[in-house]
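A closer look at the structure
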Amino acid sequence: MQLRYNYRAYPDASQCRALAKAFGCARVVWNDCLRDRKEAHAAGLPYVSSGELSQRRITQAKRTQERSWLAEVSAVVLQQSLRDLDAAYRNFFDSLKGKRRGRRVGPPRYKSKKDTRQSIRLNTNAFSLQANGTVYVAKVGNLKVRWSRRLPATPTSLTVTLDSSGRYFLSFVVDTEPDILPRTETDTGIDLGLSAFAVLSDGTKISAPRFLRRAEKKLRRLQRELSRKARGSRNRAKARIKVARQHARVTDRRRDFHHKASTQIIRDNQAVYVEDLAVASLGRTRLAKSVHDAGWAAFVGMLEYKAAKHGRTFTKVDRVFPSSQLCSACGFRDGPKPLHIREWTCGRCGTTHERDHNAACNVLTEGRRIVATGRVETSNACGAPVRRVHVPAQRGEAGSPRKGQPTQAGIPGL
């Protein structure tokens, strides 16, 4: 399986200029190739192949006076930019044909030098790991990296990213074998919420940290200072960096919380069942800020790939399953209940339920049923079959290694 590991990089002034030049050249190649394909489509001409674009917009462009500065960066950066454009078109066409699952993907768009996030992608021909702990990037130099943990295997690709707060990150993709954890006899159902971030079927409650709400006061002050600065001035650029850094702190804290909570749940349970929430729809309601602050989608994604990595069972219960309407003791369906009702008594058996814990128990029961029957479809509240979503590939950072069992492969000298 493929995993991605992110590390903070600290380039010096000359390396920052070289990386800025690489970001700009990759963006120019992307925009030139995208423009050629759009013009060909508007003129009714055939789809321009990647080989023709590589010859025209990279090889020949370096010999012209207008694009001679493309030769100042590594050719791998330019070729990878063209490959990324091909992947964007491939995803767009697969989405139109229905081959790609999930939300509809739009066509590629032009990139701007004013984008707050810039990145380049490299293969093994353009970077290498040095014995002194640095990472050599072609035509950039040896980058100083803060190694928070060892790499489990030799990386196959590297992505250098500059985020909106001015931080540089190196993202390595490695091919590694699953790390199977010892088998346990426990399983759990999870009910996600806002008052409590997650309630497990065994009664465990994970409180909602509300990182964005706690940082709102400082964010408001920084945003007021930013709005008072003249557009285009250096003071406005400095104020924008301060706002971006505060948002980055909130994001980092939320991601760290998600990793720790998901890792603990995966280690303690052999099977994990969670309700598939409509986060995009809830993000358009009056609870949008709280929903996005909780970050349910990122948390469920971490549970998903960590279960695959550690040999655990992970199942999503369909969002239309009436987990809050069923009595977990007798199975009687007592009807829908408003959100302000946190406790209710079953009309058949008289059992008093705490809303979130009862929903978690129902998710556990439904998840067990899905796994036991081995069905690829689960029934919704009306009894109609609903196709389950396949497990996507991991896109976020991998979890931390287990204590006492550090990985041995990694950077020489560490």
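Residues numbered from 1 in each chain as written. Predicted model: local features only at pLDDT ≥ 70, side-chain atom pairs only at ≥ 80, totals over all residues. Heavy atoms only, no water.

1. Concerning the side chain of aspartate 32
Stated formally: Runs of E in the DSSP output that reach at least two residues are strands. Runs of H or I that reach at least four are helices, and both are numbered from the N terminus. The buried label applies to any residue whose accessible area, calculated with a 1.4 Å probe on protein chains only, is under 20% of its type's maximum; exposed applies above 50%, and partly exposed to all values in between. In protein, a polar contact requires one atom able to donate a hydrogen and another able to accept it; more generally it is a pair of N or O atoms within 3.5 Å, and residues adjacent in sequence count only if both atoms are side-chain atoms. For this analysis, residues touch if any pair of their heavy atoms sits within 4.5 Å.
In this structure, aspartate 32 sits in helix α1 (residues 13-42). Taking the relative accessible area as the measure of exposure, aspartate 32 reaches 4% and is therefore buried. At 3.0 Å, the side chain of aspartate 32 and the side chain of arginine 35 are in polar contact. When neighbours within four sequence positions are excluded, aspartate 32 is seen to be in contact with Arg57 and Arg67.

2. Topic: unusual backbone geometry
Both trends apply: most residues other than glycine have a negative phi, and most peptide bonds are in trans. At lysine 139, a position not held by glycine, the phi torsion is positive, near 60°. Its location among the elements puts lysine 139 in the loop between β4 (135-137) and β5 (141-146). The phi angle at arginine 210 is positive, at roughly 55°, despite the residue not being glycine. Tracing the backbone through its elements, the reader meets arginine 210 in the loop between β10 (205-207) and α4 (211-228).

3. Re the packing of aromatic side chains
Note the cut-off: What counts as a ring pair is set by centres within 6.5 Å for rings of Phe, Tyr and Trp (its six-membered ring), and what kind of pair is set by the plane angle: stacked under 30 degrees, edge-to-face over 60, tilted for all other angles.
Applying the stated criterion across every chain yields a total of eleven aromatic pairs. Note on phenylalanine 92 and phenylalanine 93: the rings are 5.6 Å apart at their centroids and 45° apart in plane angle, and the pair reads as tilted. For phenylalanine 92, a relative accessible area of 16% gives the class buried. Ring plane angle 70° and centroid distance 5.1 Å describe the contact between phenylalanine 197 and phenylalanine 257, whose orientation is recorded as edge-to-face.

4. Description of the sheet that holds strand β1 (residues 2-10)
We apply this condition: Pairing between strands is defined by DSSP: at least two bridges between them are needed. Note on definitions: angles span 0 to 180 degrees between N-to-C directions of axes, and those axes are lines fitted to C-alpha atoms, for helices only across the stretch in contact.
Here we have seven strands laid out as an open sheet, ordered β2-β6-β7-β1-β5-β4-β3, and antiparallel in their pairing. Edge positions in the open sheet fall to β2 (118-123) and β3 (127-129), since each of these has one partner strand only. Taking each pair of neighbouring strands and ignoring which way they run, the sheet shows an average axis angle of 30°. Two elements, strand β6 (residues 155-162) and strand β7 (residues 168-175), share seven bridges in a ladder whose sense is antiparallel.

5. So, a positive patch on the surface
We apply this condition: Patch members must show over 30% relative accessible area and no salt bridge, and they are joined within 9 Å when carrying like charges or within 5 Å when they are nonpolar side chains of Val, Leu, Ile, Met, Phe, Trp or Tyr. Under the convention used here, a 1.4 Å probe and the Shrake-Rupley method define accessible areas, while residue burial counts only the protein chains that appear. Just to be clear on terms, a salt bridge is a Lys or Arg side-chain nitrogen sitting within 4 Å of an Asp or Glu carboxyl oxygen. None of His or the chain ends enter the tally, which takes Lys and Arg as positive and Asp and Glu as negative. For charged residues, the charge sits on one atom: NZ in Lys, CZ in Arg, CG in Asp, CD in Glu.
On the surface, Arg214, Lys218, Arg245, Arg249 and Arg253 cluster together into a positively charged patch. Broken down by secondary-structure element, the contributors of at least two residues to the positive patch are α4 and α5 (234-268). When residues in the positive patch are grouped by element, the largest group, three residues, is from α5. Taking relative accessible area as the criterion, arginine 245 reaches 44% and is therefore assigned partly exposed.

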